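# Descriptive structure summary
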Amino acid sequence: MQLQNQSKGDYRFFLIAVMIFSVFGFISGGDFYGYYEGYESAYKIGRGHWEPFYNYLLEVLPYGYYYWRFVIWGLSSILLVLTFKRLNTPPFLSCFIFIIILIFYFPAPRNTLGYVALYYSITYIIKPAKNKSISCVIGAIGILISATLHKSMPLYTAILLCSFFPMKKWMYVASLCAFPILYKVFHEISLYVLNADIGGEQFQTVGTSYLERENFHEMGIGGYIRLLIERLPLILFLYYCITNILKHKITDKSTIVFTNNTYWLMYLSCLFFNQDTSSFLSPRFWDASLYPLALALPFAIFHKQDRIIRVGLYLIIISNILYKIMYPIYKI
């Protein structure tokens, strides 16, 4: 089954809503204020510790934090909507997926622009237009541009390209069986990298600062329960997609690629989880996995089978969203 002709509809409301929500940083947490402080400091000295594109905006735009955010998250919103449109996802479903998957993360980091640029570009390769050569060229150029929008983008690009290789059931089983061994190996590698000169002093300083801010060891049992509540619905969505792909109920190429991409990003997130020296990488891989998951869901949602399962997943994740909104209010 294809989502053909499903993209008919007006995306303008969805685009404007996402843009306003993201530019003004509603429920984006400390990132919004962190970037504000960074912007003010960077404006005084003429550049920040960001990639060249963001410093270029600092130079050419008039003074004002919201001008800077408007260009970055405005472009991000446009590319996100265009990506959903290229995948024939109707506006109402695009809005629904944004709310249940991306609403807490999309307005937060600047590499949001890198993510959406990457996935928008890859759609030209997965779902090329009539002239496949031109589509592939557009996709390749877009991928190269996305790699300049954040230092981490080349790694995410490599993982996405590896996701084009089809996954079999035995591969999932083998990867899960190998997890305990790889977890120990990653611990030793990350310990060596952080203690050695690899990456330079700046890399070590940044890594240590992230580690101090995001140390899962200090969460306690309540923190682990909260993390389980937040992540379990997304894991169930991924499991739903994987099982339907393995049963050949889902044959759409884009859904398969994005599902594979989600799996490997979540897998890497788990490998770094609670590591003594590299746990700060775990939430970054997890957050990155939300984009391909959001793009994989439309086809699965349109399946007529397993409707009760889907409704159950929706209820779980909506409850999760309400919990994430109410929890900070409860702590006040």
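Attention here is on the structure that accompanies the text. (Residues numbered from 1 in each chain as written. Predicted model: local features only at pLDDT ≥ 70, side-chain atom pairs only at ≥ 80, totals over all residues. Heavy atoms only, no water.)

### Here's the deal with the packing of aromatic side chains
Applying the stated criterion to the full structure yields 36 aromatic pairs. Judged by centre distance (5.1 Å) and plane angle (75 degrees), the ring pair of Y263 and W264 falls under edge-to-face. Y263 gets classed as buried once you look at its relative accessible area, which sits at 9%. Measuring from centroid to centroid gives 5.9 Å for Y263 and Y267, while their planes differ by 35 degrees, and the two rings are tilted. With Y263 and Y267 both in helix α13 (residues 253-272) and four residues apart, this pair spans about one turn of that helix. A cation over a ring is seen here: R69 above W73, with NZ or CZ 3.9 Å from the ring centre. Here the guanidinium or amino end of R86 rests over the ring plane of Y124, the centre of that ring lying 4.0 Å away. (Phe/Tyr/Trp six-rings, centres within 6.5 Å; stacked < 30°, edge-to-face > 60°. Buried < 20%, exposed > 50% of the residue type's maximum accessible area, 1.4 Å probe, protein only. Helix = DSSP H or I, 4+ residues; strand = E, 2+ residues; numbered from the N terminus. Lys NZ or Arg CZ within 6 Å of the ring centre and 35° of its normal.)

### Here's the deal with a nonpolar patch on the surface
A cluster of nonpolar side chains, namely I16, I20, F24 and Y66, defines an oily patch on the protein surface of about 390 Å² accessible area. Structurally, the position occupied by F24 is in the loop between α1 (12-23) and α2 (30-45). On the basis of relative accessibility, which here comes to 42%, the residue F24 falls in the partly exposed class. (Patch = residues over 30% accessible without salt bridge, like charges linked within 9 Å, V, L, I, M, F, W, Y side chains within 5 Å. Areas by Shrake-Rupley, 256 points an atom, 1.4 Å probe, with all protein chains shown as cover. Salt bridge = Lys/Arg side-chain N within 4 Å of Asp/Glu carboxyl O.)

### Describing the environment of A296
Tracing the sequence through the fold places A296 in helix α14 (residues 282-301). Measuring from C-alpha to C-alpha, the distance between A296 and N261 comes to 9.6 Å, with 35 residues separating the pair along the chain. Apart from residues no more than four positions distant in its own chain, A296 is found in contact with C241, T255, F258 and T259. (Contact = heavy atoms within 4.5 Å.)

### Some words on the nonpolar core
Core analysis: the biggest nonpolar cluster contains 81 residues, and W68, F98, I101, L102 and F106 have the highest contact counts within it. A total of 13 residues in this core trace back to one element, the largest contributor, which is α14. Excluding its chain neighbours within four sequence positions, the residues that come into contact with L102 are L80, I97, P107, L290, Y291 and A294. (Core = buried A, V, L, I, M, F, W, Y, C linked by side-chain atoms within 4.5 Å.)

### Here we look at α2
Every α-helical turn comprises 3.6 residues, leaving residues that sit three or four positions apart pointing alike. End to end, α2 covers 23 Å across 16 residues, agreeing with the expected 22 Å (1.5 Å per residue, within 8%). Every buried residue of α2 is listed here: F32, Y35, G38, Y39, E40 and A42. The inward-facing, buried residues of α2 contact α1, α3 (52-60) and α4 (65-86). With its phi angle positive at about 95 degrees, G46 sits one or two positions after the end of α2. (Expected span 1.5 Å × (residues − 1).)

### Structural notes on the pattern of salt bridges
Evaluated as defined, the whole model comprises three salt bridges. A salt bridge links R110 to E51; the nearest nitrogen and oxygen atoms lie 2.9 Å apart. On the criterion of sequence distance, the pair formed by R110 in the loop between α5 (91-102) and α6 (112-126) and E51 in the loop between α2 and α3 is long-range, its members being 59 residues apart. Its relative accessible area of 4% is what places E51 among the buried residues. In this structure, D252 engages K127 in a salt bridge whose closest nitrogen and oxygen atoms are separated by 3.3 Å. Taken together, the positions of D252 in the loop between α12 (220-246) and α13 and K127 in the loop between α6 and α7 (132-146) put the pair 125 residues apart, joining distant regions of the chain. Beyond isolated ion pairs, a larger network of salt bridges with shared partners links E51, R110 and K151.

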